[in-house]
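A structural walkthrough
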Amino acid sequence: MDFSKVKFLLSVHSIKQLPAAELPEVAFAGRSNVGKSSLINKLLGRKGLVKVSARPGKTQGLNYFQVGEQFYLVDLPGYGFAKVPKAMQNDWQGLISTYLQNRSTLKCVVVIVDIRHEPKSQDTQLFDWLRVNNIPFIPVYTKIDKLSGNERMKNATRLDKGHSIHPSQRILFSAKSGQGRDDLIAALASFVW
Ligand code: GDP
């Protein structure tokens, strides 16, 4: 994958605004603050492309980035932030689920989970929903640099069990060290081509 040409395309706030479905797409999802922006920046090798720790609570769209002529990377709004009003959460869910269920060019969803956390119900719901809807996904457990090797494996196993994920399916990642980046690129490549 060639990440030398990456550009921000647009922010989509309603289905009507989606760009023409001309390139394969990969969507990135995760709870607020999970490390999604850091992961995307590390993956693309661009420090400030996606704003890290952008203030949650504001209306956020689906942020489209174009990677060369190869694919669109779609940064979905973070979920699970308690302070966002319920009505806004529902709007987000509506837009996101409609997008995920209907986008013909969507190849897979990268679901990012903090390796330090216990399995969270919102993540379980997302994994289950993706399975029910036959949408391929790649689970990524991030921030692994924050745990020792032993704890890392213990926590990874706990998340695997909690979300019914086979260990060979998921990727361990660190936006700090770059560990797991090659694995993620290989996994993405297998879906995009
Ligand atoms: P987002 O809200 O999901 O986009 O999360 P951010 O990318 O803004 O990250 C939230 C916080 O976690 C920031 O302070 C990041 O610097 C930190 N962070 C994200 N990924 C990692 C990682 O892999 N390792 C470490 N040590 N910190 C991380």
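This text goes with the structure placed above it.
Since we're looking at a predicted model, the values are computed, not measured. (Residues numbered from 1 in each chain as written. Predicted model: local features only at pLDDT ≥ 70, side-chain atom pairs only at ≥ 80, totals over all residues.)

**Side note on the site of the ligand**
Worth spelling out the cut-off: Being near a molecule or strand means, for a residue, that its C-beta atom, positioned from the backbone, comes within 6 Å of it. Helix and strand labels come from DSSP, where a helix needs a run of H or I of at least four residues and a strand needs a run of E of at least two; each type is numbered from the N terminus. Amino acids are sorted into nonpolar (Ala, Val, Leu, Ile, Met, Phe, Trp, Tyr, Cys and Pro), charged (Asp, Glu, Lys and Arg) and polar (every other residue, Gly among them).
Close contacts around the ligand come from 18 residues, with Gly-35, Lys-36, Ser-37, Ser-38 and Ala-175 the closest. Ranked by residue count, the leading element in the shell around the ligand is helix 1 (residues 36-44), at three residues. Residue composition of the shell around the ligand, by class: three nonpolar, ten polar and five charged.

**Section: the pairing of strand 5 (residues 106-114)**
This is how the line gets drawn: Partly exposed residues are those falling between the two cut-offs: more than 12 but fewer than 20 other C-beta atoms within 10 Å of their own, whereas 20 or more means buried and 12 or fewer means exposed, with C-beta atoms placed from the backbone. When DSSP finds two or more bridges between two strands, those strands count as paired.
With respect to burial, strand 5 is a largely interior element, seven of its nine residues being buried. Sheet topology places strand 2 (residues 25-30) next to strand 5; six bridges connect them, and they run parallel. What sits directly across from Gly-30, in strand 5, is Ile-112. Looking at chain direction, strand 5 and strand 6 (residues 137-142) are connected through six bridges and run parallel. Bridging from a neighbouring strand, Val-109 pairs with Phe-137 of strand 6.

**Considering unusual backbone geometry**
Positioned with a positive phi, Asn-134 is a non-glycine residue whose angle comes to about 55°. Considering the arrangement of structural elements, one finds Asn-134 in the loop between helix 3 (121-132) and strand 6. You will see that Ser-164, though not glycine, has its phi angle at about 55°, which is positive. Of note, Ser-164 is situated in the loop between helix 4 (149-163) and strand 7 (171-172).

Functional significance is not addressed by these values, which are geometric in nature.
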